[in-house]
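Coordinate inspection notes
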Amino acid sequence: MTRSAARDDTQHDSASGGPGAIRHYIDGQWIDAANGRTYDSHNPWTAAAIATVAAGDADDTHAAIDAAHRAFAHWSDTPPHERQGILLRAADTVERRRDEVMVLLARETGCGRHFAEVQIRFAVSLLRQSAALPYAATGQMLPSDQPGVSSVAVRRPVGVVGAIAPWNASLILSARAIVGPLAVGNTVVLKPSEEAPHTGGALWAEVFEQAGLPPGVLNVITHAPGEASFIGDELLANPLVRRINFTGSTATGRRLAEAAGRHLKRLVLQLGGQNPLLVLAGVDLDYAVNAAAYGAFVHQGQVCMCARRIFVEEAIAAEFSERFAAKVAGLPMGDPEDPHTVIGPVINHWALSLLTRRVEEAVERGARVLAGGVPAPPCYPATVLTGVPDDVELAFDETFGPVVVLDVVGDRDEAVARANSSAFGLAAGVLAAGPQEGLEVARQLQAGIIHVNDQPVNDEPRMPFGGVKDSGWGRFGVGFAIEEFTEPQWITVRHKARQFPF
Ligand code: ADP
C-alpha cells in the first residue's frame, strides 16, 4: 500500500488497519525518505508490524521547510472563508472516518475505546472552533501624538511553524500543533512521534488533503526511533522556520529550548507533569474514589494530565485507601480493541521496563503496594503505592504509565505544600467538601490548570492549556493561537509631509 494513491485508496488503506507504508507528505506529494530508509511500526498489544514508515532526516526536513515557505505567501493571503471552509471540511472528514480512526488509534498506540472517543470528539471540535480563527486576527487603530499620522497594529502570521508532537494522545496533540497555526495563516512542518507516525502524522495529511488544503501548506516528516533530533535540529536551525510548538517530555523540551535560545526562536512548550490530586476531608468518598481512579488510570496513565500523586487528608485516609485500592485492583486489563478494557498495553517495552524499575526501586526503599505492582507484558497493571520516599524517581519525576503514589497528609495546608514542592506545574485536581474550599485551595496551587471537585484530566479546545515551572511555557488553545502564532506589526501612514530637523 502506498499513500500516494488516489483519495479513495488512502481511505481504504487506513480502514484496513493492516500492513502498509507511511511516507512523507511534502508539497502535496507522498514520497519516500530521500535516503530510502524505512522502519517498522508495531502494534503495542500484538507486537505485529503494522506499517513501514519513512525514516527521514535533515534533507527531507529541509525540503519540507522549503515547500512550506513557498506556500506561505499564497496561504497567508487566502481569504478567511476559504481557510474556514477547509477546517470545516476537515472536521467532517474526521467525523466520517471515526470508526476507522478508532481502530488505528488502538493498533498504533494501544488506545482504548473511551480515550479514542475523547480524542475524536476533541479533534472535531477543535477544527470547528478554529474555523472562526481566520476572522479573529484583528488589529487596532492606535491614537498617535503626531498630527496627520494614522497608526495601526495588525496581526501577521509568522511564516513556517515547526510542530513536534508526542504519541500518547496522538490525534489531539498533533491536531492542536497544526490547526491553530494553519487557521491564522501559517504553513506547517509536522513531526509526529516515531510511535504514532500514522494517527499523529499521515492521517492529518490525508484529512487536510481531502479537505482541499493547497500543497505545501501542511507537510509531515517521519523518522526512525532515536532519530528525532535530525528533524528537530533542522527545524530549530533553519531560519525559514519562525516558531516551534512542542508537546513532550521536560528533558526534550529543555534541550529544544536551549537550542532555540541560540537561534532566537520562540517556542510553545507543553511538557511533563507530576500532577497532584488533593482529597480533602468532607468529600463524598465514592465520588473521590471514582475520580481518582479515572484521573490516575485513564489511557493506562499515559496522559500528561494524569494524577501521579494523591494527597489524602489523614481523617479519611484509611477508608479512602481501602476503597480506592479495591477499585483499582478490579480494573479490567487487556486488548485495547475490547470495549471492556480499561488498562491496555503500555506503548513499548522501554516504558514497561521504566515502570517496573521505578516501582521496584520504590518498594526497595520501603513503599507498600496497595494494588497492582506486577508487570503483565505488554501491560502494566493499575498500581497504587504508598509510603514512597520523596527522593525516589517515582515520587518526584513523571512516570508515564498506570502507577500512582498515595500520600497521607495531616491537613489541607500540608497537602498544598507537598503538591507545590514538585518541580512541575501542569495540572491539579482538588476534591473538597464544597466548591468554596476547593477554590481557596486552587488559588494556592502552582499549576497551569486546576479542576475543583474533579481530577486533573480535562481538556477543551478553547481553554488555555499549558503549565508553569518545569511543565513549560506558552499556551495551546483556540483562544491563544493568535497570541502564540501571529506577530503584531505596527504600521503608520503619514498623510502629509513631515518637517525633518536636518
Ligand atoms: P515522550 O516521552 O512523550 O515520548 P519525548 O519528549 O521523548 O516524550 O517525545 C515527544 C516528541 O519529541 C516526539 O515527537 C519525539 O520524537 C520528539 N523528540 C524527542 N527527542 C527530540 C529531539 N532531540 N529533537 C526534536 N524532537 C525530539
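Residue numbers run consecutively from 1 along every chain, following the written order of its sequence. Thresholds applied to this predicted model are a pLDDT of at least 70 for local features of residues and 80 or more for the giving and counting of side-chain atom pairs; totals over whole chains, interfaces and linings are not thresholded and use all residues. The side-chain numbers reported here are obtained from all heavy atoms of the structure, hydrogens and water having been left aside.

1. Remarks on the confidence of the model for the chain
Low-pLDDT stretches of the model should not have their predicted coordinates read in fine detail. You can read pLDDT as the predictor saying how much it trusts each residue, on a scale of 0 to 100. Averaged over all residues, the pLDDT of the chain is 95; the fraction at 70 or higher stands at 96%. Here, two residues are considered to be in contact whenever any of their heavy atoms come within 4.5 Å of each other. A low-confidence stretch, residues 1-19 (pLDDT under 50), is modelled with 39 contacts involving residues beyond four sequence positions or located in other chains.

2. Describing the site of the ligand
The environment of the ligand is formed by 19 residues, the closest being Ala 165, Lys 191, Glu 194, Ser 249 and Thr 252. By the criterion applied in these results, polar contacts are pairs of N or O atoms within 3.5 Å in which, for protein atoms, one can donate a hydrogen and the other can accept it, and in which residues neighboring in sequence qualify only through two side-chain atoms. Lys 191 places a side-chain nitrogen or oxygen 2.9 Å from an oxygen atom of the ligand. In the complex, 80% of the free accessible area of the ligand, which totals 540 Å², lies under the protein chains. Listed by contribution, the elements that provide at least two residues to the shell around the ligand are α8 (228-237), β11 (241-247) and α9 (250-262). Amino acids outside the nonpolar list (Ala, Val, Leu, Ile, Met, Phe, Trp, Tyr, Cys, Pro) and the charged list (Asp, Glu, Lys, Arg) are all regarded as polar, and Gly is one of them. Taken together, the residues that form the shell around the ligand break down as eight nonpolar, eight polar and three charged. Being near a molecule or strand, for a residue, comes down to having at least one heavy atom within 4 Å of it. Calculation of accessible area relied on Shrake-Rupley with a 1.4 Å probe; when residues are assessed, cover is drawn exclusively from the protein chains displayed. Helix and strand assignments come from DSSP, with helices taken as H or I runs of at least 4 residues and strands as E runs of at least 2, each series counted from the N terminus.

3. Observations concerning the nonpolar core
To form a nonpolar core, buried Ala, Val, Leu, Ile, Met, Phe, Trp, Tyr and Cys residues must be joined to one another through side-chain atoms within 4.5 Å. Working definition: with a 1.4 Å probe on protein chains only, accessible area under 20% of the residue-type maximum means buried, over 50% means exposed, and in between means partly exposed. Membership of the largest hydrophobic core comes to 73 residues, with the highest contact counts inside it found for Leu 127, Ile 178, Trp 204 and Phe 208. Ranked by residues supplied to this core, first place goes to helix α6 (residues 170-183) with nine residues. Contact partners of Leu 127, with chain neighbours within four places excluded, come to Leu 87, Ala 90, Ala 91, Val 94, Val 179, Trp 204 and Phe 208. Listed in part, the 27 residues of the second largest apolar core include Leu 277, Val 289, Ala 291 and Ala 317.

4. What to know about the packing of helix α3 (residues 80-96) against helix α7 (residues 198-210)
A fitted line through C-alpha atoms represents every axis, and for helices the fit uses only the stretch in contact; the resulting angles, taken between N-to-C directions, go from 0 to 180 degrees. Close contact between α3 and α7 brings their axes to 8 Å; oriented N to C, the two are set at 120 degrees. The angle between α3 and α7 places the two elements in the oblique class. α7 is crossed by α3, and the crossing has right-handed handedness. Note on element contacts: α7 touches α3 through Trp 204, Val 207, Phe 208 and Gln 210, opposite Ile 86, Leu 87, Ala 90, Thr 93, Val 94 and Arg 96. When describing relative orientation, an angle under 35 degrees is termed roughly parallel and one over 145 degrees roughly antiparallel, while 65 to 115 degrees is termed roughly perpendicular and anything else oblique. By convention, the crossing between two helices is left-handed when the near helix turns anticlockwise from the far helix through less than a right angle, and right-handed when the turn is clockwise.

5. Quick look at the environment of Val 493
Summarising the element assignment, Val 493 is placed in strand β21 (residues 486-494). Once residues within four sequence positions are removed from consideration, Val 493 is found in contact with Gly 148, Val 149 and Ser 150.

6. A word on the pattern of salt bridges
Any carboxyl oxygen of Asp or Glu within 4 Å of a side-chain nitrogen of Lys or Arg constitutes a salt bridge here. Using the criterion set out here, one finds 28 salt bridges in the structure. Across the salt bridge formed by Arg 37 and Glu 227, the nearest N and O atoms sit 2.8 Å from each other. Here Arg 37 is found in the loop between β3 (29-31) and β4 (38-42), whereas its partner Glu 227 is found in the loop between β10 (218-220) and α8, with 190 residues between them in sequence. Owing to a relative accessible area of 16%, Glu 227 belongs among the buried residues under this scheme. Two residues, Glu 484 and Arg 266, come together in a salt bridge whose shortest N-O distance is 3.3 Å. On the criterion of sequence distance, the pair formed by Glu 484 in helix α16 (residues 481-485) and Arg 266 in strand β12 (residues 266-270) is long-range, its members being 218 residues apart. Within this structure, Arg 309, Asp 390, Asp 407, Glu 414 and Arg 418 form a network of salt bridges that share partners.

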